[in-house]
Each structure stands twice: as C-alpha cells, then as structure tokens.
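Each chain, letter by letter, is given below.
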Amino acid sequence: MNKNDILSKMSKTFSKVSFSAKKHSPEILVVTGVVGVVTAAVMACRATTNINDILEEEKETIETIDNFVENETRDYSEEDGKKDLALVHIQTGIKFVRLYTPAVTVGVISLACILASNDILRKRNVALAAAYAAVDKGFKDYRKSVIEKFGETVDKEHRYNIKAKEFEDVIVDENTGDSQSVSEKVNVVGIDGYSDYARFFDSSSRNWSKNSEDNLYFLRAEQNYANDRLKARDYLFLNEVYERLDIPTTRAGQIVGWVYDPKNPDIDNFVDFGIYETNRETNRDFINGYEPVILLDFNVDGNILDLMK
C-alpha cells in the first residue's frame with residue numbers, strides 16, 4: 001500500500017467520522033452539557049470546603065489591623081486601618097471569585113452546549129418542515145391536476161388503490177329451501193392503499209380489548225374527542241391522537257395534523273380515523289364484530305405549522 005492510498009483512506013475515515021459527529025451533534029452536545037453541569041456542581045461543592053480557610057485568614061488579618069489601630073501603633077493611624085480593611089475585603093472577594101471561577105466556567109460552557117443542541121434541533125425541524133411542505137404541496141398539486149382531468153373517482157381509486165373484487169354469497173329460498181350462489185363485485189382497498197400515517201390498533205395498545213365491540217366504542221369516542229378538541233383549539237397534532245390511543249408517536253406526528261378553518265376549502269375540518277371506510281374488507285369485519293384489530297388511517301391535513309400561519 002503506497003502513501004497516496006494511506007492518505008486517501010485516512011481522509012475518507014476522517015470524513016465519515018466528521019459526518020457522524022455532525023449528524024449526532026445534538027446528542028453529543030446534550031450529553032456533554034449534562035455531564036458538564038454535574039461536574040460544575042461537584043467542583044462548586046469542593047470549592048465550598050475551602051471557604052472557611054479564606055474566611056479564617058480574613059478574620060486573622062482584620063484582627064491584626066484592629067490591634068494596630070487600638071494600640072495606636074506608631075505611623076499607623078485609624079485612617080490607615082480603614083484603607084487596609086477595605087483592601088482585605090477586596091482581596092477576600094477576589095479569592096472567592098478565583099475559588100468558584102472553574103466551576104462557573106464549566107457550568108457556562110455546559111449550558112452553552114445544551115443551548116447549541118437546542119438550536120441545531122430547531123434548525124433541523126424548520127428544514128424538515130420546509131421539506132415536508134414542498135412534498136405536500138407537490139402531492140396536492142398533482143391530485144388537483146388528476147381531479148381536473150379525470151375526476152374525483154379516478155383520484156380516489158389511484159390514491160387508495162381501489163380495485164373491484166368479486167365475492168360469492170349463497171342465497172337460500174325460504175319457500176323451497178333451494179340455495180343459489182350469487183356473485184357480487186365490491187370495490188376494495190389494496191394493502192398499499194394506506195397512507196404513511198396509518199397504524200394498527202391492536203394488543204400492543206393498553207386501550208385495546210379482545211372484545212371488538214368495546215374497541216369500536218372506544219375508537220368512536222376518541223374520534224369524537226379529537227373533533228371536539230380540534231374545534232376548541234383550531235388545531236390538533238397527529239401525535240396527540242397517537243398518545244390517546246397508546247400508539248407510538250413519530251417525528252412526522254409532531255408536524256402533521258388537523259386545522260379547523262371552515263373558510264379553507266382545501267381541508268376537511270374534521271378528524272377521521274378511517275374506521276368506516278367500507279371499501280376496506282378488514283374494516284367491515286371490524287365493524288361487524290368479526291375482527292378485533294383494525295388498521296386506522298388518519299385524514300391529516302398536512303403540515304399544520306404552515307396551515308396555521
């Protein structure tokens with residue numbers, strides 16, 4: 001291996017380490033800040049143990065000055081005593097400053113690290129929100145063009161991957177007892193017709209019950225609560241709904257959600273969990289009590305940080 005190869009590998013390694021450090025800089029700064037705060041507290045406690053020595057030294061010096069003044073020592077007047085006492089107090093203050101300077105310095109640097117971490121995360125969230133807004137706008141513009149050209153039915157079919165599925169049902173004649181098979185075509189949603197915000201409501205949630213009827217009542221109540229909260233505050237984050245349902249929150253959930261603005265024609269102005277999407281076979285089974293688990297798909301309006309402006 002020649003010198004150029006070694007330098008090239010070292011450069012690549014350094015670049016990877018630098019990138020990793022930059023990527024995890026908020027975590028590194030927070031940990032550094034927390035450790036620094038603890039260290040500063042320990043240093044301050046240790047410095048406090050030396051206070052008595054400083055105070056004792058000051059006391060002895062003051063007593064010496066007082067003795068000189070009281071004994072009317074030659075060439076040492078009361079005015080000289082006052083000046084020396086002031087100087088002693090200043091020197092004692094300087095000693096206190098020097099005593100706590102290391103702890104204060106470490107504490108200030110630690111707080112600066114924590115604030116820097118918060119600033120980095122804030123800038124990243126702003127960038128993430130801007131990126132999501134661009135994607136969301138592009139998707140909405142695309143849907144509008146599809147609706148204008150092909151209509152809402154085609155848009156819905158493509159968005160939810162709706163396909164016609166044939167079901168067979170057996171009908172029994174009450175008079176003759178004869179049975180007859182009847183075919184029926186029903187539009188159903190494909191498994192890939194769900195949004196990125198869809199989540200299963202199942203046994204992983206503490207609010208889930210083995211009784212599908214209890215689950216249906218619970219979800220309907222939570223959906224009504226979400227709508228009431230939306231109308232009361234004019235906004236609602238998806239993570240707030242996740243938390244109520246005991247579903248793990250997501251990064252996107254702290255940005256997307258719902259806005260209540262009846263004057264805005266581009267939003268629904270209501271929260272829908274997608275429970276009664278009858279095009280979905282599993283939803284029909286859930287509503288009819290045959291299936292205790294359901295995949296909820298929320299009708300979020302998008303990045304509400306932009307919609308609320």
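For the structure, check the block above.
Residues numbered from 1 in each chain as written. Predicted model: local features only at pLDDT ≥ 70, side-chain atom pairs only at ≥ 80, totals over all residues. Heavy atoms only, no water.

(A) View of the overall build of the chain. The secondary structure content of the chain amounts to nine helices and seven strands. Within the chain, the proportion of its 309 residues that are buried is 26%. Restricting to contacts in the chain with at least 6 residues of sequence separation, those with at least 24 account for 65%. Carbon and sulfur atoms make up 55% of the accessible area of the chain, which amounts to about 21,200 Å² in all. (Helix = DSSP H or I, 4+ residues; strand = E, 2+ residues; numbered from the N terminus. Buried < 20%, exposed > 50% of the residue type's maximum accessible area, 1.4 Å probe, protein only. Contact = heavy atoms within 4.5 Å. Areas by Shrake-Rupley, 256 points an atom, 1.4 Å probe, with all protein chains shown as cover.)

(B) Representation of the nonpolar core within the structure. Membership of the largest hydrophobic core comes to 22 residues, with the highest contact counts inside it found for W258, L296 and F298. Breaking this core down by element, the ones donating at least two residues are helix 6 (212-233), helix 7 (238-245), strand 5 (256-259) and strand 6 (294-296). In contact with L296, other than residues within four places in its own chain, are Y197, A198, R199, F201, L219, L245, F273 and I275. (Core = buried A, V, L, I, M, F, W, Y, C linked by side-chain atoms within 4.5 Å.)

(C) Spatial organisation of the layout of surface pockets. The computed volume of the second largest pocket comes to approximately 310 Å³. At the level of elements, helix 2 (25-48) and helix 4 (78-150) are the ones that each hand at least two residues to the lining of the second largest pocket. Here the lining of the second largest pocket is composed, by residue class, of four nonpolar, three polar and four charged. (1 Å grid on protein atoms, 1.4 Å probe; cavity = no way out; pocket = protein on both sides within 12 Å on 5 of 7 lines; lining within 4 Å. Points joined across faces, edges and corners; volume = space filled by probe spheres on them. Nonpolar A, V, L, I, M, F, W, Y, C, P; charged D, E, K, R; others polar.)

(D) Region of interest: a positive patch on the surface. There is a patch of like positive charges on the surface, built from K22, K23, R124 and R251. Turning to its location among the elements, R251 is positioned in the loop between helix 7 and strand 5. (Patch = residues over 30% accessible without salt bridge, like charges linked within 9 Å, V, L, I, M, F, W, Y side chains within 5 Å. Salt bridge = Lys/Arg side-chain N within 4 Å of Asp/Glu carboxyl O. Lys, Arg positive; Asp, Glu negative; His and termini not counted. Charge placed at Lys NZ, Arg CZ, Asp CG, Glu CD.)

(E) How the structure looks around the sheet that holds strand 4 (residues 235-237). The three strands lie next to each other as 4-5-7, forming an open sheet whose pairing is antiparallel. The open sheet has two edge strands with one neighbour each: strand 4 and strand 7 (302-303). Bridge count between strand 5 and strand 7: two bridges; the pairing is antiparallel. Within the sheet, the bridge partner assigned to G257 lies in strand 7 and is G302. Where helix 6 meets the sheet, it contacts strand 4 and strand 5, and its direction lies at approximately 130 degrees from that of strand 4. (Pairing = 2+ DSSP bridges. Axes fitted to C-alpha atoms, helices over the stretch in contact; angles between N-to-C directions.)

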